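Below are the chains, spelled out letter by letter.
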Amino acid sequence: MATRRQPFRILDIEVAPGARDATALPAAQLYTHTRLNIPLQVVHGRQDGPVLLLTAAIHGDELNGVEIIRRVLRERGLNRLRGTLVAVPVVNVFGFIHRSRYLPDRRDLNRCFPGSEKGSLGSRIADLFSREVLAHCTHLVDLHTGAIHRSNLPQIRAKVDDPAVAEMARAFGLPVILGSPPLDGSLRHMADTLGVPAVVYESGEALRFDEQGIRAGVRGCLGVLRHLGMLPPSRREPRSDWEPFVARSSQWIRAEQDGVFRPHVGLGAHVAQGDLLGVIGSPEGEGEVDIHAPAAGVLVGRNNIPLVNEGEALFHIARFDELGEVARGIEDFHTGMLEDPRESEPPVV
Ligand SMILES: [Zn+2]
């Protein structure tokens, strides 16, 4: 006879099998002594399984992930969840309420891990989050966008030489994966240290909702839940032979002078070595400098603001072995994403 599953205990709540509950991690206080809490939702399935942590807005102005988590939590399939879903839609609550990437002391919370009890504000939040939340979880998907004025093509960043991580990355279902080790101090690095397989999803731009990136993110999270056996396999996902493209390397192309920047290629574009990517000149059109692709690749990130300083990152190019196929894969993916008849939410336009 199967024994009944234990309740899930996290912070101050105890969630019974088949139930859902919400609580918050007391992160800090404002000057007014108002408590500033990191909200957290738990869906505890009736049957045993992994504990997947979904996080967003660890950079407080990266909003696509907040909406992705809202939509994932509304999925009806979660009624039949195996295992446990822990969702934290706003990790950096300070940054979120100030529409900022950073904490009030200008620190980047995603560079503060593992943190310490006696350290800076960021260090204390990182330490608390690691001990009280991440340590209770077996897998992590961390949702990001590009920084302010920069947008990213939907992509997964993952340590692809780790088989468990590579499988999660593949399950996300995007055409493009950037194989990259986790950055020191990041939540993904902390997860890696704890032996928690983790992937980062990047899509869109800070302070903006992007429907394609949101849909791709929702679909990706559900793909990971299915891959982990937490949701039943979908009858409508037939692509078992499908493989994403993994970038061999990537590089940022930086501005060689200050001025007004006019880009000529968009996200997802396939460029050959030497192709003209854009121009920087004076406001009157003097002293124009062309920007050429230093190597063939696919554009996975781009600066969107026309005013640039020397050294500023303009284009992020990823290099693949099968460039033409990658570009076609991205095009098919985007067309499919916007025409998906399964979508129940009215789109953000
Ligand atoms: Zn970010």
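Calculation rules
- Residues numbered from 1 in each chain as written.
- Predicted model: local features only at pLDDT ≥ 70, side-chain atom pairs only at ≥ 80, totals over all residues.
- Heavy atoms only, no water.
- Helix = DSSP H or I, 4+ residues; strand = E, 2+ residues; numbered from the N terminus.
- Rg over C-alpha atoms; globule rule 2.2 N^0.38 Å.
- Contact = heavy atoms within 4.5 Å.
- Areas by Shrake-Rupley, 256 points an atom, 1.4 Å probe, with all protein chains shown as cover.
- Lys, Arg positive; Asp, Glu negative; His and termini not counted.
- Charge placed at Lys NZ, Arg CZ, Asp CG, Glu CD.
- Domains from an automatic or database assignment.
- Buried area = accessible area lost by both parts, 1.4 Å probe.
- Salt bridge = Lys/Arg side-chain N within 4 Å of Asp/Glu carboxyl O.
- Polar contact = N/O pair within 3.5 Å; in protein donor to acceptor, adjacent residues only side chain to side chain.
- Phe/Tyr/Trp six-rings, centres within 6.5 Å; stacked < 30°, edge-to-face > 60°.
- Buried < 20%, exposed > 50% of the residue type's maximum accessible area, 1.4 Å probe, protein only.
- Lys NZ or Arg CZ within 6 Å of the ring centre and 35° of its normal.
- Donors = N, O, S within 2.8 Å, 3.2 Å for Na, K, Ca; no water.
- Pairing = 2+ DSSP bridges.
- Expected span 1.5 Å × (residues − 1).
- Axes fitted to C-alpha atoms, helices over the stretch in contact; angles between N-to-C directions.
- Parallel < 35°, antiparallel > 145°, perpendicular 65-115°, else oblique.

Student: Any chance you could explain the overall build of the protein chain here in plain terms?
Tutor: Regarding its fold elements, the protein chain presents 7 helices and 19 strands. Taking 2.2 N^0.38 as the reference for a compact globule, 349 residues should give roughly 20 Å; the C-alpha atoms of the protein chain span a radius of gyration of 21 Å, in line with that estimate. By principal-axis analysis of the C-alpha atoms, the protein chain measures approximately 75 × 55 × 40 Å. For the protein chain, restricting intrachain contacts to residue pairs at least 6 apart in sequence, the fraction spanning at least 24 positions comes to 70%. Looking at the protein chain as shown, the accessible area adds up to about 16,600 Å², and 49% of this sits on carbon and sulfur atoms. Of the side-chain charges in the protein chain, 39 are positive and 44 negative, and the distance between the mean point of each set is 8 Å.

Student: Would you take a moment to explain the domain arrangement of the protein chain for this structure?
Tutor: One can read the domain layout of the protein chain as domain 1 (8–245) and domain 2 (249–319). Domain 1 and domain 2 are separated by 31 Å when their C-alpha centres are compared. Taken residue by residue, the interface counts 10 residues in domain 1 and 14 residues in domain 2. Broken down residue by residue, the surface that domain 1 buries against domain 2 is led by His 149, Arg 150 and Leu 153, which jointly contribute 54%. Seen at the junction of domain 1 and domain 2, the total is 0 salt bridges. Joining domain 1 to domain 2, the criterion identifies 6 residue pairs in polar contact (both at pLDDT 80 or more).

Student: I'm lost on the packing of aromatic side chains in this one. Help?
Tutor: For the structure on display, the rule yields 2 aromatic pairs. An angle of 75° between the planes, with centres 5.6 Å apart, marks the rings of Phe 261 and Phe 315 as edge-to-face. In this pair, Phe 261 is assigned in strand S13 (residues 259–263) and Phe 315 in strand S19 (residues 313–319), connecting sequence segments 54 residues apart. The class of Phe 315 is buried, set by a relative accessible area of 0%. Residue placement shows Arg 150 over the ring face of Trp 252; its charged tip is 5.4 Å from the ring centre.

Student: How should I be thinking about the coordination of the zinc ion in this particular structure?
Tutor: The reference angle at a metal is 109.5 degrees if four donors form a tetrahedron and 90 or 180 degrees if six donors form an octahedron. His 59 (ND1), Glu 62 (OE), Glu 62 (OE) and His 144 (ND1) make up the full set of protein donors to the zinc ion, lying at 2.0 to 2.4 Å. Of note, the donors binding the zinc ion are all from one chain and are spaced H-x2-E-x81-H. Assigned by exposure class, His 59 and Glu 62 land together as buried.

Student: Explanation requested: the environment of Val 15 in the structure shown.
Tutor: Mapped onto the secondary structure, Val 15 falls in strand S2 (residues 13–15). Setting aside chain neighbours within four positions, we find Val 15 in contact with Pro 7, Phe 8, Arg 20, Asp 21, Val 42 and His 44.

Student: Hey, could you run me through the sheet that holds S13 in this one?
Tutor: Note: strands within a sheet are paired through backbone hydrogen bonds, in either parallel or antiparallel orientation. In space, the 4 strands of this open sheet follow the order S16-S15-S13-S18, with antiparallel pairing throughout. Of all the strands in the sheet, just strand S16 (289–292) and strand S18 (307–308) have a single pairing partner and so form its edges. As paired strands, strand S15 (residues 276–281) and S16 are joined by 4 bridges and run antiparallel to one another. In the strand pairing of S16, Leu 276 is matched with His 292.

Student: Where do I start with the pairing of strand S10 (residues 198–204) in this structure?
Tutor: Regular strands place side chains that alternate from one sheet face to the opposite one. Within S10, 7 of the 7 residues are buried, which leaves it mostly tucked inside the rest of the structure. Pairing of strand S7 (residues 139–144) with S10, which is carried by 5 bridges, proceeds in the parallel orientation. Along S10, the bridge assignment pairs Val 141 with Val 199. Sheet topology note: the strand S8 (residues 150–158)/S10 ladder contains 4 bridges and is antiparallel. Looking across to S10, one finds that Gln 155 is bridged to Glu 202.

Student: Would you take a moment to explain unusual backbone geometry for this structure?
Tutor: The bulk of non-glycine residues show a negative phi, and the bulk of peptide bonds are trans. In the segment running from Phe 113 into Pro 114, the intervening peptide bond is cis, with an omega of 5°. You can see Pro 114 is positioned in the loop between helix H2 (93–97) and helix H3 (121–132). Of note, Arg 99 is a non-glycine position whose phi angle comes to about 55°, a positive value. Of note, Arg 99 is situated in the loop between H2 and H3. For Arg 99, a relative accessible area of 66% gives the class exposed. In the Ramachandran plot, Arg 106 falls in the positive-phi region, its phi being about 70° despite a non-glycine side chain. Within the secondary structure layout, Arg 106 lies in the loop between H2 and H3.

Student: Explain helix H1 (residues 64–73) to me, please; I cannot follow it from the model alone.
Tutor: Because each turn of an α-helix spans 3.6 residues, side chains separated by three or four positions end up pointing in the same direction. For H1, the tally of buried residues reaches 9 of 10 residues, placing the bulk of the element in the interior. Taken together, the buried positions of H1 are occupied by Asn 64, Gly 65, Val 66, Glu 67, Ile 68, Ile 69, Arg 71, Val 72 and Leu 73.

Student: Sorry, what's going on with H3 here?
Tutor: Between its first and last C-alpha atoms H3 spans 16 Å; for 12 residues at 1.5 Å apiece the expected length is 16 Å, and the two agree. Of the surrounding secondary structure, the elements contacted by the buried residues of H3 are strand S3 (19–29), strand S4 (35–44), strand S5 (47–56), strand S6 (82–88), H2 and helix H5 (187–193).

Student: Even after reading the chapter, I still don't get the packing of helix H6 (residues 211–227) against helix H7 (residues 323–338), so can you show me in this structure?
Tutor: The axes of two packed helices give the description: the angle between them and the distance between them. Direction vectors running N to C along H6 and H7 enclose 90°, while the axes themselves pass 10 Å from each other. As judged from the angle between their axes, H6 and H7 are roughly perpendicular. On H7, the residues that touch Gln 212, Arg 215, Ala 216 and Arg 219 of H6 are Phe 333, His 334, Gly 336, Met 337 and Leu 338.

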